[in-house]
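Listed here are the chains, written in short residue letters.
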Amino acid sequence: MTPKPEDLTSGSFSSPPRDAKHHLMKRDGLSMPWGSCTICQDEGLQYYIAHILPRHDRERFIGYQNAGLLPADVTSLGHLDVLIYLCSNCHGLWDSDDPRLVIIPKNIEFFIQWEEADYRRREAEANVGNPPPQRTVPRRDDYDGGYAWYYLSDRRLPSYLQMLAQANRCNVDTKASPTALILKAGKAIGFPLRQPDGHGISHDVRAQLCQLFNLWERPPPMSEHASILTTETQTGPSDLKKDRSPTDDDEPGGSKIGRRGEENPSEGKRRRTGSQNASQQDEAEDDSLRGVESWEKEQDFLFGPHMTAAKIMERLG
Ligand SMILES: [Zn+2]
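Residues numbered from 1 in each chain as written. Predicted model: local features only at pLDDT ≥ 70, side-chain atom pairs only at ≥ 80, totals over all residues.

As annotated in an unreviewed UniProt entry, the chain carries the name HNH endonuclease and is attributed to Orbilia brochopaga.

Asks: I'd love a proper account of the overall build of the chain, names of residues and values included.
Replies: When its secondary structure is counted, the chain shows 13 helices and 5 strands. When each of the 317 residues of the chain is scored for burial, the buried share is 26%. For the chain, contacts bridging at least 24 residues in sequence account for 77% of all contacts bridging at least 6. (Helix = DSSP H or I, 4+ residues; strand = E, 2+ residues; numbered from the N terminus. Buried ≥ 20, exposed ≤ 12 C-beta atoms within 10 Å, placed from the backbone. Contact = placed C-beta atoms within 7 Å.)

Asks: Would you mind going over the pairing of strand S2 (residues 83–87) in detail, with residue names and values included?
Replies: For a regular strand, side-chain orientation follows a simple rule: the groups alternate between the two sheet faces. Of all 5 residues in S2, 5 are buried; the element is thus mostly enclosed. Pairing of strand S1 (residues 47–51) with S2, which is carried by 5 bridges, proceeds in the antiparallel orientation. Paired with Tyr48 across the bridge in S2 is Leu86. (Pairing = 2+ DSSP bridges.)

Asks: Lay out the confidence of the model for the chain in plain terms, naming residues and giving numbers.
Replies: Per-residue pLDDT for the chain averages 75, and the proportion of residues at 70 or more is 65%. Confidence over residues 230–305 falls short of pLDDT 50; this stretch has 46 contacts with residues more than four positions distant or in other chains. (pLDDT = per-residue confidence, 0-100.)

Asks: Explain unusual backbone geometry residue by residue, including any values.
Replies: Looking along the chain, the bond that leaves Met32 and enters Pro33 is cis, with omega of 5°. Positionally, Pro33 belongs in the loop between helix H2 (20–27) and S1. Here the phi dihedral of Asp19 falls at roughly 65°; this positive angle occurs in a residue that is not glycine. Along the polypeptide, Asp19 turns up in the loop between helix H1 (5–8) and H2. You will see that Asn168, though not glycine, has its phi angle at about 55°, which is positive. By the secondary structure assignment, Asn168 is in the loop between helix H6 (159–166) and strand S5 (171–172).

Asks: Give a description of the environment of Ser15 that names residues and reports values.
Replies: Tracing the backbone through its elements, the reader meets Ser15 in the loop between H1 and H2. Separated by 68 residues in sequence, Ser15 and Leu83 have C-alpha atoms that sit 10.0 Å apart.

Asks: Can you lay out helix H5 (residues 108–127) for me, pointing to particular residues and giving the numbers?
Replies: For H5, which comprises 20 residues, the first-to-last C-alpha distance of 29 Å matches the rise-based estimate of 28 Å (1.5 Å per residue) to within 8%. Residues of H5 that are buried make contact with strand S3 (101–105), helix H7 (178–186) and helix H8 (203–216). (Expected span 1.5 Å × (residues − 1).)

Asks: Run through the sheet that holds S3, naming residues and quoting values.
Replies: Adjacent strands of a sheet form backbone hydrogen bonds with each other and so pair up, either parallel or antiparallel. As summarised here, the arrangement of the 3 strands in space is S3-S4-S5, forming an open sheet in which the pairing is antiparallel. Edge positions in the open sheet fall to S3 and S5, since each of these has one partner strand only. Direction of pairing for S3 relative to strand S4 (residues 147–151): antiparallel, over a ladder of 5 bridges. The partner of Pro105 across the bridge, within S4, is Tyr147.

Asks: Give me the lowdown on the nonpolar core, citing residues and values where you can.
Replies: The tendency in soluble globular proteins is for nonpolar side chains to be buried side by side. Ranked by size, the top nonpolar core spans 51 residues in total, and within it Ile39, Leu86, Cys90 and Leu181 carry the most contacts. For Ile39, the contacting residues outside a window of four places in its chain are Leu86, Cys90, Leu101, Ile103, Trp149 and Val172. (Core = buried A, V, L, I, M, F, W, Y, C linked by C-beta atoms within 7 Å.)

Asks: Explain the environment of Ile62 to me, using residue names and the numbers behind them.
Replies: Within the secondary structure, Ile62 is located in helix H3 (residues 58–66). On the neighbour-count criterion, Ile62 (11 C-beta atoms within 10 Å) is exposed. Taking the C-alpha atoms as reference points, Ile62 and Ser76, separated by 14 residues in sequence, lie 8.8 Å from one another.

Asks: Lay out the environment of Tyr85 with the relevant residues and their values.
Replies: Assignment of secondary structure puts Tyr85 in strand S2. For Tyr85 and Ile52, which are 33 residues apart along the polypeptide, the C-alpha to C-alpha distance reads 10.0 Å.

Asks: Lay out the packing of H5 against H8 in plain terms, naming residues and giving numbers.
Replies: Direction vectors running N to C along H5 and H8 enclose 20°, while the axes themselves pass 10 Å from each other. It follows that H5 is roughly parallel to H8 by the angle criterion. Viewed along their axes, H5 and H8 form a crossing whose handedness is left-handed. In this structure, H5 uses Ile108, Glu109, Phe111, Ile112, Glu115 and Glu116 to contact H8, whose residues at the interface are Val205, Gln208, Leu209, Gln211, Leu212, Leu215 and Trp216. Its residues assigned to classes, the contact of H5 with H8 comprises 8 nonpolar, 2 polar and 3 charged. (Axes fitted to C-alpha atoms, helices over the stretch in contact; angles between N-to-C directions. Parallel < 35°, antiparallel > 145°, perpendicular 65-115°, else oblique. Left-handed = near helix turned anticlockwise from the far one by under 90°. Nonpolar A, V, L, I, M, F, W, Y, C, P; charged D, E, K, R; others polar.)

Asks: Explain the pairing of S3 to me, and be specific about the residues and the numbers.
Replies: Burial analysis of S3 places 5 of its 5 residues in the buried class, which makes it a mostly covered element. In S3, alternate side chains face the same way, and those of Leu101, Ile103 and Pro105 on one face and Val102 and Ile104 on the other are all buried.

Printed below as a string of structure tokens:
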């Protein structure tokens, strides 16, 4: 029977819900009624309800939530979707500061493709003028590609895990939140092992995890319209004046220096054949060296702001 929503989380932010043990055993198909370990499947040991995400790092959890990296209904560190049932041996390796035991989906490509499709959906919404919707991530029932455990330490593989590995029993069955498991594994991928011993994260898996994290780190999509506005804002107000009429250029404080090199020749020529009045001379004095150089290179122009009246007369003659 599917747990009722009120059974999934507790009143406390990080405490497991009431009867969590029972729900976790049913969810992950563990031995009933006493339980077994989700990773090593061992029976008869002491068991713990383990947090997938660090239970004391509320700020990190809220950061994941705000980025949409957890299902929207996972609102606390005590939610059943971010808990897992482990034996005391696995729990010790799982809960160390740098996790030595992690669970990673076998099909990471599924999450990469989900994120890319979801980003396109958010972009499409933004492009029709709507605020970009929040990211969605696969929920526990969206992914059925299976999981495997990885041992991440330069120490020898503990004998009980060694036996599992030799028996090719590295698979894990769980219906915990897959992205919570991936985020947990992310804590471990930054530590290169000297002796991966065949049970560390392979180069391919590490590359896929990094690719997924890079996709997750992208800023929210913006509409094409907003993108144009942002570009204009970033390049400064002077660029907004590209389409202004020539008379606008005489406004006090109008910035002309940076645009000189970008003007089309006919527009530049039209402006520069005007009379050399006082405001233009002031403008010339304000020009940067770049502006002066651009004038010197434009040999096809008849007049320029640096020309004296005598020079103009000479050219006219
Ligand atoms: Zn175990």
